[in-house]
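Letter by letter, the chains look like this.
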Amino acid sequence: MRKPITPTAAKVSQYGIHPNLVTKRMADYPEMTSVMVKELFPDAPDVIYPSAEGDGLELIRKATVDALKDVDMSMIKPGHSVNVLASHHGFTLLGGQPYATFLKMVRDEIEKRTGATDIRLRAGNGLRFRETEEYIKQYGLDVHFKGKARCIAPIDEGVPIQTEIGTLYGIKSVYDADWIVHAHNSDVREVHFHRHVDRAVKPFGMSYARIETRSTYHQNLGPRGANFTARSIFESDFVKSKFAFTAFLNMAPSGVVGVVAANDLFKLNDYLTFVGLNYYGKIMTLLGEIDECIVGLDFPCPVPYVFAAGVIYANMVGANVDLFDLDGDLPPYTWYTEAFYGKNGKPLIDDITPVNPAIKMVIHNYAWGGYPSAFFSEQIPTIIVKQEQAELFDNDPQNLEYTKHAVVSENLDSAMRFAYKTAKTDKVLIFDGAIGGLNISQSLLKLLQEKAPVVSKRVDEELMPKWLKQRGISHLTPKVNKER
C-alpha cells in the first residue's frame, strides 16, 4: 500500500489559523493511502514539475526561456515601461514556487531581449485584498522586480475602457505602463463560473478589472454568461494598444506540463481550452463517479479553493453534473446559484440541481476564510477542527454564518470518529494539495481504480468530442507556439 503524499504545508497568513495550530493532517491516519494521477490515467501528460530527474524549478526556468524565444518583443523599446500581469491563484499551485519562478523568468527575459528596465509586477487578488502582498514577500518577488511588485485589488482606482458593449472598468495600475504582458496559468479551477470558455482571457474581466465589471461573473449575468465581458475588454482599442504578448504556466492535475507563449491570445486560448479539457476532463469526471465519501479540507486556501489532484473542492461540490457540458443547467454551486435559495437554505424553485449528494460530511481541518463559504456548511454537514479556527471564521465579515451551520471539534481525532459514525462511510477524499495524486482512504482507492478505465474511455470517445464541438474547436490539437 502506497504511503500518503506529503500535504501542502500550512502557511502563515492573516486569512488562516497559525500553522502551529495545525497539529495533525488528515493524511496522517493509518487508513489513508494515495494514488498518482498517472496510475489512474496512464495517458496523463508528463510533467516537468515535480521532476524525478532533477531540479523542477530549473526546468521551469528553461521552459520559460525556450517558450519566449518564439515571441515577438520588438514593440518594447529601451526606456519603455512594462507591466507583467499576474493573478493570485497561481501562487496556490504546487506550493507557489513554480508560478513565482515563471514570473521571475518572464521579467528577466523581457529585460534581456528588449533592454527595458522599468518592468513592474501587477499581481491581482480576489476578495482577500492583502493576500497577494503576502505572496509577493514570501516568494521574493518584491526583490526580484527591484521594488516594483504591487498587489492590485478590485477596489483600486479604476480606468474606463470603451468596448463594443459600452464602458467597462479596468484597474488603473494594470494599464499605467507602455506595454502589458499577460502572465497566467492554465489550471481550470473555477469551471463552475467560466465553464472553460475563454479561460485564457478571463483575467481581463476579473483580476485586472474593477469590482463593478468583475461582479458580472458572480451576480449580474451568472456563470458562462459573463464571459463576453473579458473578451470585450481585451478586444478594446485601449487594451490592444498596450498588449505585447502572453505566457502561461501550463498545468495538469499531476503538475506543470510546460510553458506556452504567444503574441496572439485567442490562438493560445484555443490551445489551452483543448489541453485543459484533455488534462482535467478525466479526473473531474472520475470524481463524479464517487458514490459516497467524507471530504477533508486541509490546504492553505479559502474553503472552495482547496486542492486534490489539481481540482478544487468547489468542483467536487458540483461533480454530480458535468461542469464542462455547456448544455447543462446552472451548476450546483455558484454565487448566482445561491440566489435561488431562501434564508432557510432550501431552493426557491424545484429545478435547481442540489450540491453533490455523494459528499456525506466535510471535515474542515485547515482552510482559510476570506471567501463567502456559508453556503457550503449550510448545504453539507461540516465539522470545524479547533475553536481557534471557528473563531477565525466568526470574525470574518464574509463568513459570519459559516460556523452557525457547523459543529466544532476540539481536535482532528474527535472529528474523524464523529464523521465515520455519522456519515456511515469509510471512504475519505482529502483536499490537501498532494502533488501528483490524491490522498484517500483505502476503500475509496478501490472504487477509483475500478472506475478510472471506464471514465477514460468515455471521456476519449464521448465527452471530449462533445466538449470541443460546443466550443467550436477541432478535435485535433490547435497549433500554437511549440510548448517547451
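Before any of the text, the structure's been laid out above.
Residues numbered from 1 in each chain as written. Predicted model: local features only at pLDDT ≥ 70, side-chain atom pairs only at ≥ 80, totals over all residues. Heavy atoms only, no water.

A. Structural view of the sheet that holds strand 17 (residues 437-441). Read across the open sheet, the 7 strands follow the order 1-17-16-10-13-14-15; overall the sheet is mixed. Sheet topology places strand 1 (32-36) and strand 15 (406-409) at the edges, where each strand pairs with a single neighbour. Adjacent strand axes in the sheet meet at a mean angle of 25 degrees, parallel and antiparallel pairs treated alike. In terms of strand pairing, strand 13 (residues 359-368) meets strand 14 (residues 382-385) through 3 bridges, oriented parallel. (Pairing = 2+ DSSP bridges. Helix = DSSP H or I, 4+ residues; strand = E, 2+ residues; numbered from the N terminus. Axes fitted to C-alpha atoms, helices over the stretch in contact; angles between N-to-C directions.)

B. Seen up close, the side chain of asparagine 83. One can find asparagine 83 in strand 2 (residues 81-87). On the accessibility criterion, asparagine 83 (0% relative accessible area) is buried. In terms of polar contacts, asparagine 83 uses its side chain to reach the backbone carbonyl oxygen of valine 174, at 2.9 Å. Those residues in contact with asparagine 83 that sit more than four places away from it in its chain are Arg120, Arg122, Ser173, Val174, Tyr175, Asp176, Ala177, Trp179, Ile180 and Val181. (Buried < 20%, exposed > 50% of the residue type's maximum accessible area, 1.4 Å probe, protein only. Polar contact = N/O pair within 3.5 Å; in protein donor to acceptor, adjacent residues only side chain to side chain. Contact = heavy atoms within 4.5 Å.)

C. Highlighting the pattern of salt bridges. Following the criterion strictly, the structure yields 29 salt bridges and no others. Salt-bridge contacts for aspartate 413 lead to lysine 24; the nearest nitrogen and oxygen are separated by 3.0 Å. In this pair, aspartate 413 is assigned in helix 16 (residues 412-423) and lysine 24 in the segment before strand 1, connecting sequence segments 389 residues apart. Aspartate 413 sits in the partly exposed class, given a relative accessible area of 30%. Overall, the relative accessible area of 28% leaves lysine 24 in the partly exposed class. (Salt bridge = Lys/Arg side-chain N within 4 Å of Asp/Glu carboxyl O.)

D. Up close: the packing of helix 11 (residues 265-287) against helix 17 (residues 442-470). Here helix 11 crosses helix 17 at 140 degrees, and the two axes come no closer than 8 Å. Between helix 11 and helix 17, the angle is such that the two are oblique. Where helix 11 crosses over helix 17, the two elements pack in a sense that is right-handed. Taking contact as the criterion, the partners of Phe274, Leu277, Asn278, Gly281, Lys282, Thr285 and Leu286 in helix 11 are, on helix 17, Leu448, Lys451, Ala452, Val455, Ser456, Arg458, Val459, Asp460, Leu463, Met464, Trp467 and Leu468. (Parallel < 35°, antiparallel > 145°, perpendicular 65-115°, else oblique. Left-handed = near helix turned anticlockwise from the far one by under 90°.)

E. Local environment of empty space enclosed by the protein. Evaluation of the coordinates by the stated rule reveals 1 cavity of 30 Å³ or more. Roughly 160 Å³ of volume is contained in the largest cavity. As for the largest cavity, its lining consists of 19 residues, and the residues nearest its centre are Leu93, Leu94, Pro253, Phe307 and Gly310. For the lining of the largest cavity, the per-class residue count stands at 11 nonpolar, 7 polar and 1 charged. (1 Å grid on protein atoms, 1.4 Å probe; cavity = no way out; pocket = protein on both sides within 12 Å on 5 of 7 lines; lining within 4 Å. Points joined across faces, edges and corners; volume = space filled by probe spheres on them. Nonpolar A, V, L, I, M, F, W, Y, C, P; charged D, E, K, R; others polar.)

F. Structural context of a nonpolar patch on the surface. A contiguous nonpolar surface patch, about 260 Å² in accessible area, is contributed by Ile165, Leu221 and Phe228. As for its position among the elements, isoleucine 165 is in the loop between strand 5 (158-163) and strand 6 (166-171). Judged by its relative accessible area of 44%, isoleucine 165 falls in the partly exposed class. (Patch = residues over 30% accessible without salt bridge, like charges linked within 9 Å, V, L, I, M, F, W, Y side chains within 5 Å. Areas by Shrake-Rupley, 256 points an atom, 1.4 Å probe, with all protein chains shown as cover.)

G. The packing of aromatic side chains, seen in detail. Following the criterion strictly, the structure yields 22 aromatic pairs and no others. Ring centres of phenylalanine 91 and tyrosine 139 lie 5.8 Å apart, and the angle between their planes is 10 degrees; on these two criteria the pair is classed as stacked. Of this pair, phenylalanine 91 sits in the loop between strand 2 and helix 3 (97-114) while tyrosine 139 is found in the loop between helix 4 (131-138) and helix 5 (141-144), placing the two residues 48 residues apart along the sequence. Taken as a pair, phenylalanine 91 and tyrosine 139 share a single burial class, namely buried. Pairing tryptophan 335 with tyrosine 371 gives two aromatic rings, centres 5.7 Å apart and planes at 50 degrees, and the pair type is tilted. Of this pair, tryptophan 335 sits in helix 13 (residues 335-338) while tyrosine 371 sits in the loop between strand 13 and helix 14 (374-379), and the two are 36 residues apart along the sequence. Residue tryptophan 335 shares its accessibility class with tyrosine 371, and that shared class is buried. Taken together, the ring pairs connect Tyr313, Tyr333, Tyr341, Phe375, Phe376 and Phe431 into an aromatic cluster. Just above the ring of tyrosine 29 sits the side chain of lysine 24; from NZ or CZ to the centre is 4.3 Å. (Phe/Tyr/Trp six-rings, centres within 6.5 Å; stacked < 30°, edge-to-face > 60°. Lys NZ or Arg CZ within 6 Å of the ring centre and 35° of its normal.)

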